[in-house]
Amino acid sequence: MAIVEEVRPRVSLIRLNDPDTLNSMSFELVEALYAAIATVAADNDCSVAILTGTGRGFCAGLNLEYVGVPPGSEGLPLSRLAVRAMSYMSDLVPAMRAMPQPLIAAINGPAFGGGMCLTLGADIRIASESAVFNGAGINNGLTGTELGVSFLLPRLIGASRSNEIILSGRRVDAHEAERIGLVSRVVSDAGLLDAAIELAEQIAGYSTHGVSMTKQVLWDGLEAGSLEAAIDLENRSQLLVRLTTENLDEAIRARRAKRKPVFRD
């Protein structure tokens, strides 16, 4: 229910693959997604990853028809099973964050509930014209907060907009998502994957080590307690890459020779 393929050199595509349910989140699909994330994260030849859905939807959120049970839950009482189930779903977003590769969400169609939250776990979001976002939890009589949305969404679009979207349970179309900063751009449905691959190839052309360290610092910066703490982290990361690689020297040589640099890290 999750496919990994190399679509370009150093670029991997993770595709949620249960189109009959709009790639909704059963435990079977989530287990396959964990495996796909682990596969890509461990691939030293991969510099950038893309996450998308098969068919006409990105991810419709929790599978309300048959969700199944999380792996390793045999024999657990209801109290422990409930905790295991929640953590198994919600730990997906930290797993996406922990990938060394930047992750681009190519959002094709509905991204509801946990599906919207998955897009927030990506580093970059590109939406198709048919993309639509919805928190969904509040609409189903639950809380609207899950999978890190209460932390991530206000930091992306501000507290007032985030609170209104989550509490009202209303849908946000692709163009509103772009206007409020939830996605970086909107492209045609037919051009979505090409746009994501083009961006991934651009990023993959830089130093894999430098890109990975940049992703890490950008995420850590969301949690930094002060400007000074963020700058200290940036300084150490910059020095680490500068002093342990010849990348800057190669960039200077390439500029003088009027050629593209080849970063070997």
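It should be noted that the structure appears before, not after, this text.
Small disclaimer: the values here were computed from a predicted structure and weren't measured.

Attention now goes to the overall build of the protein. Helix and strand content of the protein: 11 helices and nine strands. Computed over the C-alpha atoms, the radius of gyration of the protein is 19 Å, within 12% of the 18 Å expected from 2.2 N^0.38 for a compact globule of 265 residues. Dimensions along the principal axes, computed over C-alpha positions, put the protein at roughly 60 × 40 × 40 Å. In the protein, the share of contacts with a sequence separation of at least 24, taken over all contacts with a separation of at least 6, comes to 69%. Total accessible area computed for the protein in this model is approximately 13500 Å², and 54% of it derives from carbon and sulfur atoms. Averaging the coordinates of the 24 positive side-chain charges in the protein and doing the same for the 31 negative ones gives two points 7 Å apart.

On to the environment of L218. Tracing the backbone through its elements, the reader meets L218 in helix α9 (residues 208-223). A relative accessible area of 60% places L218 in the exposed class. Considered as a pair, L218 and I180 are 38 residues apart in the sequence and their alpha carbons are 20 Å apart.

Our focus in this paragraph is the pairing of strand β1 (residues 2-8). Across six bridges, the pairing between β1 and strand β2 (residues 11-16) is antiparallel. In the strand pairing of β2, R8 is matched with V11. From the end of β1 to the start of β2, which pair antiparallel, there are two residues, and R10 there has a positive phi angle of about 75°.

Here we take up the packing of helix α5 (residues 149-157) against helix α6 (residues 159-168). One can describe the packing of α5 onto α6 by two numbers: an axis separation of 7 Å at closest approach and a directional angle of 130°. By the criterion of interaxial angle, the relationship of α5 to α6 is oblique. Regarding α5 and α6, the two cross each other, and that crossing is right-handed. On the side of α5, the interface is formed by V149, L153, P154 and I157, while α6 contributes A159, R161, S162, I165 and I166.

A separate point is the sheet that holds strand β4 (residues 103-107). Sheet strands line up and pair through hydrogen bonds in the backbone, either parallel or antiparallel. Across the sheet, six strands lie side by side as β1-β2-β3-β4-β6-β9; this open sheet has mixed pairing. Sheet topology places β1 and β9 (185-187) at the edges, where each strand pairs with a single neighbour. Neighbouring strand axes in the sheet, compared pairwise and without regard to direction, differ in orientation by 25° on average. Pairing analysis gives three bridges linking strand β6 (residues 124-128) to β9, with the strands arranged parallel. Pairing of A127 across the sheet is with V186, part of β9.

Parameters and conventions
Residues numbered from 1 in each chain as written. Predicted model: local features only at pLDDT ≥ 70, side-chain atom pairs only at ≥ 80, totals over all residues. Heavy atoms only, no water. Helix = DSSP H or I, 4+ residues; strand = E, 2+ residues; numbered from the N terminus. Rg over C-alpha atoms; globule rule 2.2 N^0.38 Å. Contact = heavy atoms within 4.5 Å. Areas by Shrake-Rupley, 256 points an atom, 1.4 Å probe, with all protein chains shown as cover. Lys, Arg positive; Asp, Glu negative; His and termini not counted. Charge placed at Lys NZ, Arg CZ, Asp CG, Glu CD. Buried < 20%, exposed > 50% of the residue type's maximum accessible area, 1.4 Å probe, protein only. Pairing = 2+ DSSP bridges. Axes fitted to C-alpha atoms, helices over the stretch in contact; angles between N-to-C directions. Parallel < 35°, antiparallel > 145°, perpendicular 65-115°, else oblique. Left-handed = near helix turned anticlockwise from the far one by under 90°.

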